Amino acid sequence: MDNPSKQLAEEYIRLGGHRRAVIDDNIVSTRCWEKDTPEAAQFWTDRIDTLDAARRQVVSFLPTINRI
């Protein structure tokens, strides 16, 4: 069974998204050093930015800049 948040993250990356997850003291945010493709930027705006805080776990499925 696939996770809907994981599916959103995978689609964003497939469209050319470059945001990376940053995990610091259990606070998860994103950083983007490279410009997203127009399709990925629109997908982020339409499908991920509109999620409430409780459903923004999609960020945890992005590639991370943190080392484990």
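Everything here concerns the structure above.
Our subject in this report is the structure included herewith. (Residues numbered from 1 in each chain as written. Predicted model: local features only at pLDDT ≥ 70, side-chain atom pairs only at ≥ 80, totals over all residues. Heavy atoms only, no water.)

**Quick notes on helix α2 (residues 38-48)**
For step 1, the next point in the chain: When α2 is considered as a whole, its buried residues turn out to be A40, F43, W44 and I48. When α2 is viewed along its axis, its buried side chains cluster within an angular range of 100° and face the same direction.
For step 2, the next point in the chain: Those residues of α2 that are buried are in contact with α1 (4-14) and β2 (27-31). (Buried < 20%, exposed > 50% of the residue type's maximum accessible area, 1.4 Å probe, protein only. Helix = DSSP H or I, 4+ residues; strand = E, 2+ residues; numbered from the N terminus. Arc of directions from axis to C-beta. Contact = heavy atoms within 4.5 Å.)

**Digging into the pattern of salt bridges**
For step 1, the next point in the chain: The tally for this structure, following the rule as stated, stands at three salt bridges.
For step 2, the next point in the chain: E11 serves as the salt-bridge partner of R14, at 2.7 Å between the closest nitrogen and oxygen. Here R14 and its partner E11 are both found in helix α1, three residues apart, which amounts to about one turn of the helix.
For step 3, the next point in the chain: On the basis of relative accessible area, E11 is assigned to the partly exposed category, the value being 26%.
For step 4, the next point in the chain: D36 is the salt-bridge partner of R19, the closest N and O atoms lying 3.9 Å from each other. Of this pair, R19 sits in the loop between α1 and β1 (20-24) while D36 sits in the loop between β2 and α2, and the two are 17 residues apart along the sequence. (Salt bridge = Lys/Arg side-chain N within 4 Å of Asp/Glu carboxyl O.)

That is the geometry; function is a separate question.
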